[in-house]
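# Architecture at a glance
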Amino acid sequence: MWSKKFVRIVKFVMPCFLLALLFIYACPPEIARPEKQWQLHYPDSWSEPVYKFDKNNKLTKAGFELGRTLFYDRRLSRNGTISCGSCHQQFAAFAHIDHPTSHGIDNKLGTRNTPPLFNLNWQPAFFWDGAVNHLEVQPISPMQNPVEMDETLANVVDKVAGDTAYKRLFKAAYGDEKVNSQRMLKALAQFMGMMVSCNSKYDKVMRKEIGAEFTQSEANGLVIFRNKCASCHKEPLFTDYTYRNNGLTPKFKTDSGRAVITKQPGDIYKFRVPSLRNLKYTWPYMHDGRFNELEQVLDHYAGEKFRSATMDPAMQMRLYLTATERKDLLAFLGTLNDKEFVKDERFKDLTGQTLQSDHPHSFDKK
Amino acid sequence: MTIKWTAAILSVCICFAVATGVRAQYTTNGKLSVHVQNVFNGAPLMLNDRAYGLTAGDSIFISAYKFYVSNIRLVNAEGKEVEEPESYHLVNEARSSSKTFDIDVPEGRYISMRFMIGVDSLHNVSGAQTDALDPVNAMFWDWNTGYIMAKLEGRRNDPEQTEFSFHIGGFAGANNTLRWVTLRFATPITIKAGFSTEMVLKTDVAEWFKTPNMIYLDKTPVVTMEGADAVRIADNYADMFSLNHVE
């Protein structure tokens, strides 16, 4: 009796068991990823980034490290002399300090000031004129620019694919050694996208961290800033990412700014509003690097502008500040410098270590 | 007893059918094999060594000819479209392997096909792509992000051998150079699983220079950025495709 019942149960359970098995078969477990996902950290009060590390480009430590190696690899240029890091220096918040316009291969000069690199995932477009629409494709431009690295993307891929040290890095990042431009570009996007600058005194005060407090002068400066500057240099990123003409006298007449891209007369001499974070490290200032000192920037806002048809209406009035107000405003701008960012170990040039085994000089060491 | 066993086995079979249902759909696909043939006013296109006369009077040598065919769809008698997934093909006259490609198409009877010359706007704003869309193919503008939809380069057959260069791109607003092409089959084609239907897709390069817009190479030898000239040329080549042969 009992055994009959048992047989019956088995007969009904069996198909169910098989059924379950089938479903497991139909949805194979995800292929083990090389590594756990990293996270992009930023203050709660910030908006969601425009560029997210989602399934399109999962952030991993190995992907980030591959990106870092590429960023500092001089072989990305035609003659092996210039890396991204040559123009984008960490101690300058990844701008090029003391170089009004870019200084590239064979000492060739560009026409624009190297912008700093941070908080790029919030930036809707790249370059002073918004020429590039996506962080991942941005690095192609300097690689192929004749006055920057003067190499073709195809050659860069070949050079990287021919290097055994990179094989290890690609395998760690992507699970196999295949090299293509997409993998390189996504890795560079991981490295650059991780460059979040959010630990200035301003940030700490805003987060109400213990011990973080503005001085009276800085607090006064913030009020002035919000009245006179914040309409364009919008908190918390200190730019609204629009293109505007702040009344600078054109220096390179041929550089019509945003109009290079849109071909619209209404965009002539407009440039993207830059962030005001890390100004201490990023001098000189403006799209053509014309000012070495913040004092000169304030003199510009206080002085007569170059009144062309596209000058921003907010520039009609000269900026009037008393000597004290000026000092306060500068004090406030000083709270936007993020020392932790420019010293962050993760962004340091370690190519000597990661690529060492394959560098010719490693043979010199006995 | 036996009924119960049959029921059990049947349920297993049903499960199997459900689990593999998605895959089963694919097995009813046939193949459409597309062969691209490029001509100039009906004469076979030969890079570099053959001069072709233009309606505008000039004669030219052609050194490079590349274009994207994307978003290919076949349309059946009811107007329903089937779309090739990830449909991006870069045709390069200098690379014969690029002039033949196969498409998986569900079984059925189709009366026409549609595709785009160029790369849809979405893929112009989505970052680093691969395969046909890999920027190493030199069909990508790095200084003003976007794909070059079609490229024609060569020189005029004059004493100076002046070069001309058309890189046609632009995907938004008034600068949009994306062009849809619809081609009706002379007789409906039938796609069958396990069979390959061959098709010759012809492009006539002479169309780049005429109707609706006459292009004079002395006035417009170089078009390598988006704008009105690029749009005029895209309007010209929009009707350069024809179907030669389907079997």
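Residues numbered from 1 in each chain as written. Chains lettered and ligands numbered in written order. Predicted model: local features only at pLDDT ≥ 70, side-chain atom pairs only at ≥ 80, totals over all residues. Heavy atoms only, no water.

Let us look at the overall build of chain B. The helix and strand tally for chain B stands at two helices and 15 strands. Out of the 247 residues belonging to chain B, those deemed buried represent 51%. Counting only contacts in chain B whose residues sit at least 6 apart along the sequence, the fraction spanning at least 24 positions is 72%. Of the roughly 11700 Å² that chain B leaves accessible, carbon and sulfur atoms contribute 54%. (Helix = DSSP H or I, 4+ residues; strand = E, 2+ residues; numbered from the N terminus. Buried < 20%, exposed > 50% of the residue type's maximum accessible area, 1.4 Å probe, protein only. Contact = heavy atoms within 4.5 Å. Areas by Shrake-Rupley, 256 points an atom, 1.4 Å probe, with all protein chains shown as cover.)

This part takes up the packing of aromatic side chains. Geometrically, a pair of aromatic rings is defined through the distance of the ring centres and the angle of the planes. Under the definition given, this model contains 36 aromatic pairs over all chains. Relative to Phe332(A), the ring of Phe225(A) has its centre 5.3 Å away and its plane inclined at 45°; by these criteria the two rings are tilted. Pair noted here: Phe225(A) is in helix α9 (residues 216–228) and Phe332(A) is in helix α13 (residues 323–334), with a separation of 107 residues, a long-range link. Their ring planes at 25° and their centres at 4.8 Å tell us that Phe40(B) and Tyr52(B) sit as a pair that is stacked. Of this pair, Phe40(B) sits in strand β1 (residues 29–40) while Tyr52(B) sits in strand β3 (residues 52–53), and the two are 12 residues apart along the sequence. Summarising the burial analysis for this pair, Phe40(B) and Tyr52(B) share the class buried. Grouped by ring-pair contacts, the aromatic residues Phe64(A), Phe71(A), Tyr72(A), Phe94(A), Phe118(A), Phe191(A), Phe341(A) and Phe347(A) constitute a single cluster. The ring of Tyr243(A) has Arg258(A) lying over it, and the distance from NZ or CZ to the ring centre is 4.2 Å. (Phe/Tyr/Trp six-rings, centres within 6.5 Å; stacked < 30°, edge-to-face > 60°. Lys NZ or Arg CZ within 6 Å of the ring centre and 35° of its normal.)

What follows concerns the nonpolar core. If you look at the biggest cluster of nonpolar residues, it comprises 122 residues, and the most contacted ones within it are Phe40(B), Phe166(B), Trp208(B), Phe209(B), Tyr237(B) and Phe241(B). The residues that make up this core include at least three from each of domain 1 (61–196) and domain 2 (201–340) of chain A. Residues in contact with Phe166(B), not counting those within four places in the same chain, are Ala150(B), Lys151(B), Leu152(B), Trp208(B), Phe209(B), Ile215(B), Leu217(B), Thr220(B), Pro221(B), Val223(B) and Ile233(B). Listed in part, the 25 residues of the second largest apolar core include Leu222(A), Cys229(A), Phe238(A) and Val297(A). (Core = buried A, V, L, I, M, F, W, Y, C linked by side-chain atoms within 4.5 Å. Domains from an automatic or database assignment.)

Turning our attention to the pattern of salt bridges. Residue and element names in this part refer to chain B. Evaluation of the coordinates by the stated rule reveals 35 salt bridges over all chains. Close ionic contact of Asp104 with Lys31 constitutes a salt bridge, the shortest N to O distance being 3.7 Å. Taken together, the positions of Asp104 in strand β7 (residues 100–106) and Lys31 in strand β1 put the pair 73 residues apart, joining distant regions of the chain. The salt bridge involving Glu81 is made with Arg73; its shortest N-O contact spans 3.4 Å. One salt-bridge network, held together by shared partners, links Arg73, Glu81, Glu83 and Arg114. (Salt bridge = Lys/Arg side-chain N within 4 Å of Asp/Glu carboxyl O.)

On to empty space enclosed by the protein. Residues and elements named next belong to chain B. With the rule as written, the count across this model stands at three cavities of 30 Å³ or more. In this structure, the largest cavity occupies an estimated 50 Å³ of space. Looking at the largest cavity, the residues that line it are Ile72, Arg73, Leu74, Val82, Glu83, Glu84, Ile103, Asp104, Val105 and Pro106. Counting only elements with at least two residues in the lining of the largest cavity, the list comes to β4 (59–76), β5 (81–83) and β7. The leading source of residues in the lining of the largest cavity is β7, at four residues. For the lining of the largest cavity, a count of residues per class yields six nonpolar, no polar and four charged. (1 Å grid on protein atoms, 1.4 Å probe; cavity = no way out; pocket = protein on both sides within 12 Å on 5 of 7 lines; lining within 4 Å. Points joined across faces, edges and corners; volume = space filled by probe spheres on them. Nonpolar A, V, L, I, M, F, W, Y, C, P; charged D, E, K, R; others polar.)

Residues and elements named next belong to chain A. This prediction gives chain A a mean pLDDT of 88; 86% of its residues lie at or above 70. A low-confidence stretch, residues 18–35 (pLDDT under 50), is modelled with 16 contacts involving residues beyond four sequence positions or located in other chains. Confidence over residues 356–366 falls short of pLDDT 50; this stretch has 10 contacts with residues more than four positions distant or in other chains. (pLDDT = per-residue confidence, 0-100.)

Another aspect to go through is the pairing of β1(B). Residue and element names in this part refer to chain B. Counting buried positions along β1 yields nine of 12 residues, so the element is predominantly enclosed. Bridge count between β1 and β7: seven bridges; the pairing is antiparallel. Residue pairing for β7: Ser33 is matched across the bridge by Asp102. The pairing of β1 with strand β13 (residues 196–204) spans nine bridges and is classified as parallel. Across the sheet, residue Val36 finds its bridge partner in β13, namely Leu201. When β1 meets strand β2 (residues 43–44), the two strands line up antiparallel, connected through two bridges. By the bridge assignment, Val39 is partnered in β2 with Pro44. Between β1 and the antiparallel strand that follows it, β2, lie two residues; Asn41 among them carries a positive phi value of about 50°. (Pairing = 2+ DSSP bridges.)

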